Amino acid sequence: MSALALNRLESTREFFRRDQVWPFLAPEQAQVNVGNQMILYVEDLNLSFDGFKALNNLNLYINDGELRCLIGANGAGKTTLMDVITGKTQCDSGTVFFGQNHNLLNKDEAEIAQLGIGRKFQKPTVFEEQTVFDNLELSLKTDKRVLPTLFSRLTPTQIDRIDEVLKTVGLAKHRFMLAGALSHGQKQWLEIGMLLAADPRLLLIDEPVAGMTAQETERTAELLTSLAGERTVIVVEHDMEFVRSIARTVTVLHQGSVLAEGTMDQIQSNKDVIEVYLGEEAAEEGKGERA
Amino acid sequence: MISINSVDQLYGGTQILWGLDLEIETGSITCIMGRNGVGKTTLLKAIMGLLPIKSGEITMKGAVLNKQSAEKRAYAGIGYVPQGRDIFPMLTVEENLRIGLPVRGKRTKDSPKEIPEKIFELFPVLKDMLHRRGGDLSGGQQQQLAIGRALVLEPSVLILDEPNEGIQPNIVKQIGDVILKLNKEEGLTVILVEQKLGFARRVGKEFRLMEKGRIVAADKMENLNDTLIKQYLAV
Amino acid sequence: MTLRRIPLRRITLRHCMALCCCLFGLFSLPSVAVESTSLDPLLADLVDAKISKMVPILDKIEKASDETVLPLFRTLLNGDLYYIKSTKQVVGQFDTNGETFYKDVFTGQANPALTKRDVKKIRVNNTLRGYLRNAIARIQLTSKKPSVRESAVRELLSKLDDDTVDILESLYPNETNKKVKQAMGLALAMNTASQTQLAVSNRIAAIDTLADSLENDVRNLLTTLSRDENPAIQSASNAALDTIAQRANRFAFVDQLFFGLSLGSVLLLASIGLAITFGVMGVINMAHGEMIMLGAYTTYVVQLIMPNYIDYSIWVAIPAAFLVSGLMGVLIERLVIRHLHGRPLETLLATFGISLILQQLVRTIFSPLNRQVSTPSWMSGSWEINPVLSLTLNRLYILAFALLVFIALVIILKKTSLGLNVRAVSQNRNMAKAMGVKTNWVDAMTFGLGSGIAGIAGVALSQLTNVGPNLGQAYIIDSFMVVVFGGVGNLLGTLVAAFTLGIATKFLEPTTGAVLAAIIVLVFIILFIQKRPKGLFPQKGRAAE
Amino acid sequence: MTRLMKYFSEGRTSGKHTLPFVVILLGVTILASAANLFLPADSALYVSTYTITLLGKYLCYAMLALAVDIIWGYCGILSLGHGAFFALGGYAMGMYLMRQIGDRGVYGNPLLPDFMVFLDWKELPWFWLGMDHFWFAMLMAVVVPGLLAFVFGWLAFRSRVTGVYLSIMTQALTYALLLAFFRNEMGFGGNNGLTDFKEILGFNLQADSTRVALFMITAILLAVIFVVSQKILSSRLGKVVLAIRDSESRSRFIGYRTDRYKVWLFVYSAVIAGIAGALYVPQVGIINPGEFSPINSIEMVIWVAVGGRGTLIGAVIGALLVNYAKTRFTAIMPDAWLFALGAMFVLVTLYLPKGLMGLYGQLQAKRKTAMNKEPQA
Amino acid sequence: AETIKVGVLHSLSGTMAISETTLKDTVLMMVDDQNKKGGLLGKKLEAVVVDPASNWPLFAEKGRELLTQDKVDVIFGSWTSVSRKSVLPVLEELNGLMFYPVQYEGEESSKNVFYTGAAPNQQAIPAVDYLMNDLGVERFVLAGTDYVYPRTTNKILESYLKGKGVAAKDIMINYTPFGHSDWQSIVSDVKKFGSEGKKTAVVSTINGDANIPFYKELGNQGISAEDIPVVAFSVGEEELSGLDTKPLVGHLAAWNYFQSVDTPENEAFIKAWKAYTKNPKRVTNDPMEATYIGFKMWANAVTQAGTTDVDAVEQAMIGQKTPNLTGGIAVMNKNHHLSKPVLIGEIQDNGQFEVVWETDGVVAGDAWSDFLPGSKDLISDWTAPIKCGNYNTKTKTCSGQNY
Ligand SMILES: Nc1ncnc2c1ncn2[C@@H]1O[C@H](COP(=O)(O)OP(=O)(O)OP(=O)(O)O)[C@@H](O)[C@H]1O
Ligand SMILES: Nc1ncnc2c1ncn2[C@@H]1O[C@H](COP(=O)(O)OP(=O)(O)OP(=O)(O)O)[C@@H](O)[C@H]1O
Ligand SMILES: NC(N)=O
Ligand SMILES: [Mg+2]
Ligand SMILES: [Mg+2]
């Protein structure tokens, strides 16, 4: 391409940089009002599927910067809760607020994501026909409207950011591999990577360590712990060892509502929790290890 | 029971399994371990006949399986619980379980028309969800369904690919118990891929460590030591 | 001129038996020895006459004889009356088992010596046919069978000339059969009502009794009377007309509903096979229409093979069409579709190619012309419930047939393992294999089943529309529309969608015309899908996403 | 980093075919045109006007195939109704050409096209107003298909109509338009459509020079659209589009309003189809409701599939090849060409799952591995 | 060229193949026949067949191919009006010659086309005359497929009928889409319309595939020809061969030719046709006769002109006379349309028509209808001094000529 043409292109691009050319059109900064130190309010949430109550008067409050573990029996409603928060599923009644000012229930998935809520699915979902790199590029925190996307271009900072993420999730070598060709565990990592690249305010992570080796589990734990503080993290996991290693506050769901909430120790000695979830042995094990 | 001799396997142009050898004794519980992406799932799929192998031989009780289709292998007694559950999402739980009944009929000779009650004893939640679509179940429930579904086949060899993924602790324990019990009482041969050491140790009798598409260590479970773990399982 | 019914086509259930016996008697058991000699000169005139001069001669023949002349009139009406060139003697032509031979019309005596060359046809035209029908009716007024008498009376309602009225008046008092008497009463009332020289009160009384009748002839008469000079007659007629119109409207609604159901049943038949190959298996089967076409051609071939048993041919054609289309389906599945698992969009391409090949194949084998498929006699005609409501038999049978096929299919899919297996295979082929499902077999059987059912649909459609190379193309779009509108993978949805679209179209058509109705229905579907993006009966739940 | 740059310069969606394509396209166009205009008709190298017109038609189809490929190959939206946009563009051009006839129609009516005269219409319907201005008509040729695509897409994508539901709805759309345009009352000439055109912008449509010019304009526009589409699809927007094809819901969860992307891509594609239609009409000389027929739209999809969907060049090659085959087959074996065409479709699907471009890719890969191996060995 | 090339432009696939394939075979038979007689001008004839596949723009393309690539001397082709309209500009541009053998709506006369099928005044008008005069019909249902030929014909008929004093409420007009297959409500409406006291008839311009389901429905709803006769302009022997005609006996069609007409020419033609197609059951029909007449006239004109040059042949064509297959002589008029007899036949149970009425002599085809306001004043005359297809006799001007 000639220099002239490049120049043209550059100026066109400049023209379409709305934030500069037309400041009034700049994307509205997703300000989240975190007064009360609270970032997520879930109140009186109800949801039933053909009469089956998946969520039952669920109340949950998450502090800003917190790392919260959500556990509960299979089918307790953890994934469903995330579905409601991220706009995938419509609830029957209740309220969900992100900060004090964003009512999530009247927003769609994309809007919620743009507010800074990222999600990792229980079953890893990545863009199978794109490379690992492209998967990450797409997840970057950028203006995601149509025209800006058309004229946007990878900046060196963004490339560095992606490289960094690739390293963190151990996929640097697979950068140009199609995501569909990754193994199950690798997809898990890639999805976590996509979450990191998006740099969200609130992370909803559904069973991150399923299929990971012990060491990888440890690494994930470290990663999540390091994320907390600046960001808010909600993790669902059945691996008690992992939960123990990261948890400060643990919430136990049961049949669509909160059964118990507290520190790991409190939870582990909670009779109900032991009965419906942990089982005698697991509870014992955990205590034993601690002791 | 099953022996695998220098099996090579490729995805498109990339080779995943490299001259892999593996011997599974009748009545054993063999735990295959290895890092992500070393080819564990690939190996299991090859045994099940879901992936063609490029060279080598897989035999079961002396019969060569290589050319046999997956459904023949199911009739021959291999049950498979895949990674990622792979239940039939739009079928009800009951239908998911019924799929295997013809095989069971052939294998047990008593041609049962009904889903064996013991599946529900193992996973009571399936009974409650009998008429729910498989895809609507929670992840853990699906995993239970996947195991239950394989057990309907009344297999003599059970292949489990990370069966505890997403399952609540008390049920994980229960699954372990079931495996042990079936192994002990019915002589079920089990091939288990498992990442969680605790579970592997409790249930497995043998271990095989994989790396880059090869078996790199094999021994009794008691002998799985920290050196090996460091070498082959740590990142 | 008004609409008259043709006895042969007017098969009320009541009449059916009687008519059959009657015809049987006429053609095979000439019970009355006929003095045909008295007619001979007239017949000779008839043979020589030009078509336009035949009516007076026939009139004379009618006057000169009685019921015994019926076979002659009937044969002439059917265009089967010939005369021997050498002797000018009339004979009837009959076809039995594809062979043509000649019989004496009166005695039924076959004349094997005659060949086509020896005889010449006595031509008839519409005017003559109209005359003959009336003449036959007049003669039949004295028939022994009450049902024949009744239809004769009704036949004559539109032609109440003085002669006829005289006959009716003389017959009326002695008539014992209630229905016949009623019909005659109606005719006489019509006569009374229209006689201007009669007392107004009598006429009004007659008009009032006419209000109970739905006969067209009555309505025509009343319409005329509503323009009568006498205002009393006018208002009485109008009142009667209103009463009739109200009743007729109710029946018109039923009529329309039936049209809708019938169109729905055609759509159902056309799409039900697709509901399996496309809906359940996920193959975008562009050759579906050609499977229907093959079924229709099979019907044609079956009729070609058994030309003398058209009435039974359908019973052979149904299984034959199922087999032909089904086997073709299996063949296509084995040769092509099998290689396209997991690539549903490519099936569109391949099956489109197959559809081109199949079309050209029948064009090559059977020529591009439409082929003639006859309707069995038991399927032709209509079931006349009353003078304004009659349901055509072929449509009635096809409606029932469509429902039967649907139920059979539901049973197959519900009660055999095939239904479960095919769904499992379509949702996760590998896992189905691992569960011991013989996927190859299931695929072939399912595709064969869907195609076979399309073939059966072809048998039904051959009764309604042209059997030609384009038959399939005519239905493919509708079929996809129905399956998608109902919700892919949902058989019940297909059923409801087919009938919904059928009824909607038929209720729109009278006001908008057929073209606009089609457009409106399409737009409606497009808008409906915005509201329910997965059709009438969507697959719900997490898994559906 | 260098590797990275390399990736961006020759990545998967990058336009390594663009330059050769544009060069070959324009080269052939210029040569063919020159051969037609400047060589004597008996020269061995002479290209007949028939061939020029035929090529022009093929290029319109290629453009149309591009339009289909952009939304189907890249975004996974299988439209079985793209013929509608093509035809609408064509009608806009047809209306302009019709108005250009002026009083040279058979009835000599200066204001009304012939079909209106013989339907006894007294005045021009409102939607014909302004169509005598070339630029206005050309604007309509893109605005009308674009608007229809926008309204339809906005409704459908917002309601999350996807997959076969969407495909069949697009089919219903074009089918409804087919029926509507058949009606004489619609004011578009009913089944006969618009034809008997005389001139475009004052140039005689019959003249060789006009035909050559139309052919060249088509080629140039095809090249432009190809390059622009290539740019769009290799931008990040292109990646988003692919992501939507892969997993629409995942794309939403990382913050993309997928419905908007789909709507705009659909509109873009419809506009291209409209342009193709507008170019097609003066070259073939007629536009009529047959262009709305669903079978036509299905055929377009097939061109793309044959060429290889998901590659722009594949769409173009598919359209050219299938249509060339059709032209040849119908002439060589008028009674049996459908066998050949049908067999071609079946065989391509079976043996070239990714179309001709897939075959090319495979050969490339083979050559590469062969080359890589040699030094090692 | 060492041969004279005859282009055949009929659809062999797609929706129109049903009708047009027959005409392709007819032309091939005629070419064969002519060659047996030694060809023309001492040269053999050579047929060039292409398949425009029922795709209208393809008619233009294939027409151009025939004229410029294959360099044919004459084209026999087209069935639908739209296909003719599509190829017409090409014919005029390249000065080709085409024979169009199908009844059509008129309103056209091109220097390069000879119209050997019926114009509306050779089919529709005589048919309604027959209905009114001979059958005493007072109410009319004008039912047609929704496209130009039926629309125009019905417009002409409507205006003609109104001129004859038929009230608007006694005319019911109904259009259906191409290939319409569900005729229940329409037939039932017709039945209702026909049962209101006045003798009613249906004038059908229903085209092609839609006819069979239409007639089947008529039969099933028991509408017999004595009740409500249907007179059709697009249903001939060929269409009936796809139908069981027993329930339809007595319904009518208006054509210039019926297979059943007993003349020596016709007998020979039928015999030749059956032999040529090797099918003793093949039927003949009106467009075949039109093709036959066109071909004969063309051959004569070529002989007469001594060349295949289009302009010469065109002039030689005018005034050509050829015996009709049904007796009498067809004449090519100055307006490129034929003078032909008009016959009305009743359907018989053997799929043939029985002539029940015919015009006294021949009727000259009228390119421009006298019953349409736009074309009342137009005439066509391709002889000097007018030499114009659309000549306005009022303004004395000639419009819209492309030659
Ligand atoms: N669309 C649906 N239709 C019917 N039931 C549903 C649907 N979605 C969820 N459920 C039911 O709601 C309950 C909660 O499911 P959810 O996936 O939230 O559980 P979970 O807590 O995430 O369990 P797990 O730990 O096993 O993943 C389950 O019993 C599930 O079967
Ligand atoms: N469909 C595929 N196409 C190409 N390569 C694949 C495909 N599936 C897997 N692979 C590659 O094969 C290798 C082995 O994959 P496999 O799924 O067997 O690993 P695994 O040992 O089961 O890992 P995990 O513990 O993560 O489940 C991986 O590196 C992966 O990238
Ligand atoms: N000219 C006709 N019949 O379309
Ligand atoms: Mg969950
Ligand atoms: Mg794995």
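Along each chain, the written sequence defines residue order, and numbers are assigned to residues from 1. Labels follow written order: the first chain is A, the first ligand is 1, and so on. At least 70 in pLDDT is required for a residue's local features to be given in this predicted model, at least 80 for side-chain atom pairs to be given and counted, and no such filter applies to totals for whole chains, interfaces and linings, which use all residues. Hydrogen atoms and water are omitted, and side-chain values are computed over all heavy atoms in the structure.

- In the nomenclature of an unreviewed UniProt entry, chain C is known as Urea ABC transporter permease subunit UrtB of Marinomonas primoryensis.
- Per UniProt, chain C has the following entry under Sequence similarities (unreviewed entry): "Belongs to the binding-protein-dependent transport system permease family. LivHM subfamily."
- UniProt positions are given in the numbering used here, feature names are shortened, and annotations may be inferred rather than shown by experiment. For the record of chain C, the UniProt heading Subcellular location (unreviewed entry) holds the text "Cell inner membrane".

- For chain A, the name recorded in an unreviewed UniProt entry is Urea ABC transporter ATP-binding protein UrtD, with Marinomonas primoryensis as its organism.

**Concerning the site of ligand 2**
Moving on, step 1. The rule for a residue being near a molecule or strand is that one of its heavy atoms must lie within 4 Å of it. What surrounds ligand 2 is a group of 20 residues, the closest being A:A181, A:G185, B:K40, B:T41 and B:T42.
Moving on, step 2. More than one chain reaches ligand 2: its neighbouring residues belong to chains A and B.
Moving on, step 3. For ligand 2, an oxygen atom lies 2.5 Å from a polar atom in the backbone of A:A181.
Moving on, step 4. Between N or O atoms, a polar contact is any pair within 3.5 Å; within protein, one atom must be a potential hydrogen donor and the other a potential acceptor, and residues adjacent in sequence are included only when both atoms are from side chains. In the model, an oxygen atom of ligand 2 is placed 2.8 Å from a nitrogen or oxygen of the A:S183 side chain.
Moving on, step 5. Contact with the protein chains removes 84% of the 640 Å² of surface that ligand 2 exposes when unbound.
Moving on, step 6. Within the residue set of the shell around ligand 2, elements represented by two or more residues are helix 8 (184–198) of chain A together with helix 1 (40–48) of chain B.
Moving on, step 7. For the shell around ligand 2, the per-class residue count stands at six nonpolar, eleven polar and three charged. Only the protein chains shown count as cover for residues, and the accessible areas themselves come from Shrake-Rupley with a 1.4 Å probe. Strands are runs of DSSP state E lasting at least 2 residues, helices are runs of H or I lasting at least 4, and numbering of each runs from the N terminus. Each residue is assigned to one class: nonpolar for Ala, Val, Leu, Ile, Met, Phe, Trp, Tyr, Cys and Pro, charged for Asp, Glu, Lys and Arg, and polar for all the others, Gly among them.

**A few points about the pairing of strand 4 (residues 55–60) of chain B**
All names here are of chain B.
Moving on, step 1. Between any two strands, at least two bridges found by DSSP are needed for them to pair. Summarising the sheet, strand 1 (residues 2–11) and strand 4 pair through five bridges and their orientation is antiparallel. By the bridge assignment for strand 4, D8 is matched with S55.
Moving on, step 2. As paired elements, strand 4 and strand 5 (residues 63–64) share two bridges and run antiparallel to each other. By the bridge assignment, T59 is partnered in strand 5 with V64.
Moving on, step 3. Turn length for the strand 4-strand 5 hairpin, with the two strands adjacent in sequence and antiparallel, is two residues, and the turn residue K61 shows positive phi of about 45 degrees.

**Thoughts on the arrangement of the chains**
Moving on, step 1. We call two residues contacting when some pair of their heavy atoms lies within 4.5 Å. Here seven pairs of chains make contact, and the pair sharing the most contacts is chains C and E.
Moving on, step 2. Looking at chain B next to chain D, you find no contact at all, with the nearest C-alpha pair sitting 10 Å apart.
Moving on, step 3. With respect to C-alpha atoms, chain A approaches chain E no nearer than 38 Å, and the pair has no contact.

**Here we look at the coordination of the magnesium ion (ligand 4)**
All names here are of chain A.
Moving on, step 1. Water is not among the atoms examined, so metal sites may look incomplete; donors are the N, O and S atoms within 2.8 Å of the metal, or within 3.2 Å for Na, K and Ca. Bound to the magnesium ion (ligand 4) on the protein side are T79 (OG1) and Q122 (OE1), at distances that span 1.9 to 2.2 Å. Placement of T79 in helix 3 (residues 78–85) and of Q122 in the loop between strand 6 (117–120) and helix 5 (132–139) is noted, with a sequence separation of 43 residues between them. Each member of the pair T79 and Q122 is classed as buried. Working definition: with a 1.4 Å probe on protein chains only, accessible area under 20% of the residue-type maximum means buried, over 50% means exposed, and in between means partly exposed.

**What about the UniProt feature "transmembrane region" (unreviewed entry) in chain C?**
Residue and element names in this part refer to chain C.
Moving on, step 1. Per the UniProt record, "transmembrane region" (unreviewed entry) is found at residues 257–284, 316–336, 348–366, 396–413, 480–504 and 510–529.
Moving on, step 2. Overall, residues 316–336 shows 95% helix and 0% strand. The separation of its end C-alpha atoms is 30 Å.
Moving on, step 3. For residues 510–529, helix accounts for 95% and strand for 0%, while the C-alpha atoms at its two ends are 26 Å apart.

**Some thoughts on the interface of chain E and chain D**
Moving on, step 1. Contacts between the two partners involve 45 residues from chain E, matched on the other side by 41 residues from chain D.
Moving on, step 2. Summed over both partners, the accessible area lost on bringing two parts together, with a 1.4 Å probe, is the buried area. Summed over both partners, the interface of chain E with chain D comes to about 3500 Å²; 55% of that surface belongs to carbon and sulfur atoms.
Moving on, step 3. Think of a salt bridge as a Lys or Arg side-chain nitrogen and an Asp or Glu carboxyl oxygen that are within 4 Å of each other. Taking the shortest distance from any N to any O, the salt bridge between D:E185 and E:R151 comes out at 3.0 Å.
Moving on, step 4. Inspection of the chain E/chain D interface yields twelve residue pairs in polar contact (both at pLDDT 80 or more).
Moving on, step 5. Put simply, the parts of the chain that give the side of chain E that touches chain D at least two residues each are strand 2 (44–50), helix 2 (56–69), helix 3 (81–94) and helix 5 (148–163) of chain E.
Moving on, step 6. Ranked by residue count, the leading element in the side of chain E that touches chain D is helix 2 of chain E, at ten residues.
Moving on, step 7. A per-class count over the side of chain E that touches chain D returns 18 nonpolar, 13 polar and 14 charged.

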